[in-house]
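In case you want the letters, here they are:
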Amino acid sequence: MRPNIVSEAGLQTRLGQWWEGIPFLTSAVVGVCATIYVVCLLAGYDSFYEVCFLPSAVISKFQVYRIFTAILFHGSLLHVLFNMMALVPLGSELERIMGSVRLLYIIILLATTNALLHLLIALLVAYNPIHPFEYLMHECAIGFSGILFSMIVIETSLSGQQYRSVFGLFNVPAKWYAWILLVVFQLVMSNVSLLGHLCGILSGFAYSYGLFNFLIPGPSFYSKIEASSLLSTCVRRPKFILCTGGNPSASIPTYTSQGTASSGLFSGNLWRNLSSWIPQREASPQATQDSHVFPGRGRTLGSGAGPRLSDARRTINNTVAAGAESPVHHQDYVASEDEIQKLVSMGFERTQVEVALAAADGDINVAVEILSQQG
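Residues numbered from 1 in each chain as written. Predicted model: local features only at pLDDT ≥ 70, side-chain atom pairs only at ≥ 80, totals over all residues. Heavy atoms only, no water.

**Notes on the packing of aromatic side chains**
Moving on, step 1. Enumeration according to the criterion identifies twelve aromatic pairs in this entry.
Moving on, step 2. Note on Phe24 and Phe240: the rings are 5.5 Å apart at their centroids and 55 degrees apart in plane angle, and the pair reads as tilted. On the criterion of sequence distance, the pair formed by Phe24 in helix α2 (residues 24-43) and Phe240 in the loop between α11 (232-235) and β3 (251-252) is long-range, its members being 216 residues apart.
Moving on, step 3. Ring geometry for Phe167 and Phe185: centres 6.3 Å apart, planes at 85 degrees, overall edge-to-face. With Phe167 in the loop between β1 (163-166) and β2 (170-173) and Phe185 in helix α8 (residues 177-188), this residue pair connects regions lying 18 residues apart in the sequence.
Moving on, step 4. Residue classification places Phe167 among the partly exposed residues on the basis of a relative accessible area of 25%.
Moving on, step 5. Phe185 sits in the buried class, given a relative accessible area of 6%.
Moving on, step 6. Lying over the aromatic face of Tyr177, Arg164 brings its terminal NZ or CZ to 5.6 Å of the ring centre. (Phe/Tyr/Trp six-rings, centres within 6.5 Å; stacked < 30°, edge-to-face > 60°. Helix = DSSP H or I, 4+ residues; strand = E, 2+ residues; numbered from the N terminus. Buried < 20%, exposed > 50% of the residue type's maximum accessible area, 1.4 Å probe, protein only. Lys NZ or Arg CZ within 6 Å of the ring centre and 35° of its normal.)

So this is what it looks like as structure tokens:
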């Protein structure tokens, strides 16, 4: 009996460490979706037709609440399990870059734009003069997967990688990655909402190309929310990641090369991704400093990247104070317009973005951290 007790305790400890490693908002979304599913299961509730996104109900009865209830409810155990397994790596990575409050705002924005696109396409198909097709108006879409497809597009854009691996089986160009996943899921899974996933991809690209910039507030907006007394309990939690300043214990995702697949659920070797969710022994500070690019590891704030970020912050302060209005050259690096737009779409000012990219030698993740530290 002794070995079993030891094994059970070890598993509980590792699961606890894994859960503690998931940032605040991502773990909250997982908890809410899982709780809703369990409550529905215990209560015998299966009237998902009342909470799903149904274009005809939104139009005729103005049931706009469906925009948000649809992403929180799931139809089966596999449905909620698969979506939450995909959310953990994707949400964690984006939350460490954006911060908890900013990511919550982005999720709400994406849920709204996904629903509007879904509604618009359903109306165009149903009432087109050539061949009306009303099926989409009565299609009931439910689950978090539409948001996940938006996250996949955004994370792929921020990573700057040229290729992505689909389940570790084959590589595809990054720009086609989300579209390949859309086709694969449609072919191998039943009862999948093609329109829901498609709208998620379209919203993700719209965000990545800066089409939602006018809807995204600046850092001061998030700072005011974080300073609110209503969130004081949440902000004090170690898993909460501030939009300005960041969490000292958080890790910034890094990438070893342009052609390497990232660590999302749908990329790389599937077993490697699953095993990566289990906490591993932390590398010693000396081992972390041995590698300049930290291959395969997150970069901990205040460690090896500390001097670089401090110098970059000094550069931003000096340049912005001088009223710089043109791209800044740092070590012969000039930021491209695509890189600038990716960060501007996250709510940062263009001048600071140009300086941060130059100071970070084009490393978008480091530039994001520099900008976040500026507040």
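**Quick notes on the confidence of the model for the protein**
Moving on, step 1. Per-residue confidence for the protein gives a mean pLDDT of 76; residues scoring 70 or more make up 73%.
Moving on, step 2. Within the model, pLDDT remains below 50 along residues 245-331, and this stretch shows 149 contacts once partners closer than five positions in the same chain are excluded. (pLDDT = per-residue confidence, 0-100. Contact = heavy atoms within 4.5 Å.)

**Let's talk about the packing of helix α5 (residues 77-98) against helix α7 (residues 145-159)**
To describe two helices that pack against each other, one gives the angle between their axes and the distance between the axes.
Moving on, step 1. Two elements in contact, α5 and α7, have axes separated by 10 Å at closest approach and are oriented at 45 degrees. The pairing of α5 with α7 is recorded here as oblique in orientation. For the element pair α5 and α7, the recorded crossing hand is left-handed. Seen from α5, the contacting residues are Asn83, Ala86, Leu87, Leu90, Gly91, Glu93, Leu94, Ile97 and Met98; seen from α7, they are Ser145, Leu148, Met151, Ile152, Ile154, Glu155 and Leu158.
Moving on, step 2. Considering only residue class, the contact of α5 with α7 consists of eleven nonpolar, three polar and two charged. (Axes fitted to C-alpha atoms, helices over the stretch in contact; angles between N-to-C directions. Parallel < 35°, antiparallel > 145°, perpendicular 65-115°, else oblique. Left-handed = near helix turned anticlockwise from the far one by under 90°. Nonpolar A, V, L, I, M, F, W, Y, C, P; charged D, E, K, R; others polar.)

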